[in-house]
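Each chain is listed here by its residues.
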Amino acid sequence: MAVVETETHGQILVVRMNRPERLNALNHEMRLELARIWSAFRTDEKLEVAILTGTGRGFCAGEDMKESLADKSPGGRQINAENPFNDGSLEKPVIAAVNGFAMGGGFMLVERTDLRVAVHEAVFEVSEAKRWLLGGYNHGHLANLAYPIAMEMALGFRFTAERFHQLGFINRLVAPEALLPTAMEMARHMLTLPPAARVNTIHMMRRMRPSPTPAQQRLAARLHKHGDKSDLLESRAAFAEKRAPHFKGWLDPADRYRMPEMDQD
């Protein structure tokens, strides 16, 4: 069984993450396959719009914690494959059809898309703070939300699809049977636009979105190293063993008062 399935409808590509037994968690194999699919989509002259969705109850549960625990490294095994969807080089529009849980890296996948449709049952969470990591919120993934909402997300609070729809993060809120039809309707609308107008509008709107400065990125890298990394492995072990974690905090309590400063660009 393929970990990612694709199908085409004329000029529309449907990309379906397909590890339902793991809520479509991102393991090494799925990351590589997604990178390959997005690279092919970028250069395919017959395809103009993509829809990203998942199989089963989850859109994407984020990082595969069991694989990462086995690898004993943040983010699992390092992947060198180019992924234009992740690095911002994909010029074609992508619609998220969120069929269920979008957690951690799954939320970040939704945030990278241009339009979003979600079922009422969908749930969103940035999980990195719970896992010790500094994650998507320090890479600009929450920059388009109001500060208190972004802070709430960054601290690991869960959001319902209804609330995200009210906040403007979700374009359409639908019943499960209407999820793909609604996403397809939005994709077909985009195909009715003059090609140059569609491409240029998307390019312009993406450039208008806030993004982290180099100084903020350097601070995030320094903060990532700050603290006791044993809590990272403990959080993953607790997740895999389905128990509450037992965090140690800083090995030296004084470290919490020696936070790195953000330098200037």
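Numbers given for residues are sequential positions, taken from 1 along each chain in its written order. Under the rules for a predicted model, residues below a pLDDT of 70 receive no local features and side-chain atom pairs below 80 are neither given nor counted, while totals for whole chains, interfaces and linings still include all residues. With hydrogens and water stripped out, all remaining heavy atoms of the structure feed into the side-chain values.

### Comments concerning the packing of aromatic side chains
Aromatic ring pairs are defined here through the distance separating the ring centres and the angle between the ring planes.
Part 1: By convention, a stacked pair of Phe, Tyr or Trp rings (six-membered ring in the case of Trp) has centres within 6.5 Å and planes under 30 degrees apart, an edge-to-face pair has planes over 60 apart, and any other such pair is tilted. For the structure on display, the rule yields 8 aromatic pairs.
Part 2: Ring pairing ties together the aromatic residues Phe107, Phe124, Phe159, Phe164 and Phe169, which thus form one cluster.
Part 3: Remark: a charge is flagged as sitting over a ring if the NZ atom of Lys or the CZ atom of Arg is within 6 Å of the ring centre and within 35 degrees of the ring normal. The ring of Phe169 has Arg116 sitting right over it, with the charged end atom 4.3 Å from the ring centre.

### Side note on unusual backbone geometry
Part 1: The phi dihedral of Asn24 falls on the positive side, at around 60°, and the residue is not glycine.
Part 2: The secondary structure listing takes helices from DSSP runs of H or I that are at least 4 residues long and strands from runs of E that are at least 2 residues long, numbered from the N terminus. Within the element layout of this structure, Asn24 appears in the loop between β2 (12-17) and α1 (28-43).
Part 3: The buried category is assigned to Asn24, whose relative accessible area is 0%.
Part 4: With phi around 55°, Lys242 is a residue other than glycine that occupies positive phi space. A simple rule labels every residue: compare its accessible area, found with a 1.4 Å probe on the protein chains alone, to the largest value its type can have, and call it buried under 20%, exposed over 50%, or partly exposed in between.

### Some details on the pairing of strand β1 (residues 4-9)
Remember that side chains alternate between the two faces of the sheet whenever the strand is regular.
Part 1: A strand pair is defined by DSSP finding two or more bridges across the two strands. Two strands pair when backbone bridges link them, and β1 and β2 are joined in this way by 6 bridges, in the antiparallel orientation. Within β2, the residue paired with Val4 across the bridge is Met17.
Part 2: The antiparallel pairing of β1 with β2 creates a hairpin that spans 2 residues between the two strands, and Gly10 there sits at a positive phi of about 65°.

### Let's talk about the environment of Ala40
Part 1: Its location among the elements puts Ala40 in helix α1.
Part 2: By relative accessible area, Ala40 is classed as partly exposed at 38%.
Part 3: Spatially, the C-alpha atom of Ala40 lies 9.7 Å from that of Pro84, the residues being 44 residues apart in sequence.

### Structural notes on the sheet that holds strand β5 (residues 94-98)
Part 1: As summarised here, the arrangement of the 6 strands in space is β1-β2-β3-β5-β7-β10, forming an open sheet in which the pairing is mixed. The open sheet is flanked by β1 and β10 (172-174), the only strands paired with a single partner. Sheet twist, expressed as the mean angle between neighbouring strand axes with direction ignored, is 20°.
Part 2: Between two residues, a contact is recorded if the distance between any of their heavy atoms is within 4.5 Å. Orientation is described by axes fitted as lines to C-alpha atoms, over the contacting stretch for helices, and by angles from 0 to 180 degrees between their N-to-C directions. Its contacts with the sheet put α1 on β1, β2, β3 (49-54) and β5, and the angle it makes with β2 is roughly 175°.

### A few points about a nonpolar patch on the surface
Part 1: Among the surface-exposed residues, Tyr147, Met151, Leu155 and Phe157 lie close enough to one another that they form a single nonpolar patch of about 460 Å² accessible area.
Part 2: Note on placement: Phe157 falls in the loop between α5 (147-154) and β9 (159-160).
Part 3: Owing to a relative accessible area of 46%, Phe157 belongs among the partly exposed residues under this scheme. Each patch is built from residues that are more than 30% exposed by relative accessible area and take part in no salt bridge. Like charges join if they lie within 9 Å; nonpolar side chains (Val, Leu, Ile, Met, Phe, Trp, Tyr) join within 5 Å. All accessibility values rest on the Shrake-Rupley procedure with a 1.4 Å probe; residue burial counts only the protein chains present in the view. Basic side-chain nitrogens of Lys or Arg form a salt bridge, by our definition, when they fall within 4 Å of a carboxyl oxygen of Asp or Glu.

### Section: the pattern of salt bridges
Part 1: By the definition in use, this model includes 10 salt bridges.
Part 2: With a closest N to O distance of 2.9 Å, Arg19 and Asp64 form a salt bridge. Remark: Asp64 occurs in the loop between β4 (58-60) and α2 (65-71) and Arg19 occurs in the loop between β2 and α1; sequence separation between them is 45 residues. An identical accessibility class is assigned to Arg19 and Asp64; each is buried.
Part 3: For the salt bridge of Arg206 with Asp114, the shortest nitrogen-to-oxygen distance reads 2.7 Å. Pair noted here: Arg206 is in helix α8 (residues 195-208) and Asp114 is in the loop between α4 (105-112) and β7 (115-119), with a separation of 92 residues, a long-range link.
Part 4: For Asp114, a relative accessible area of 25% translates into the label partly exposed.

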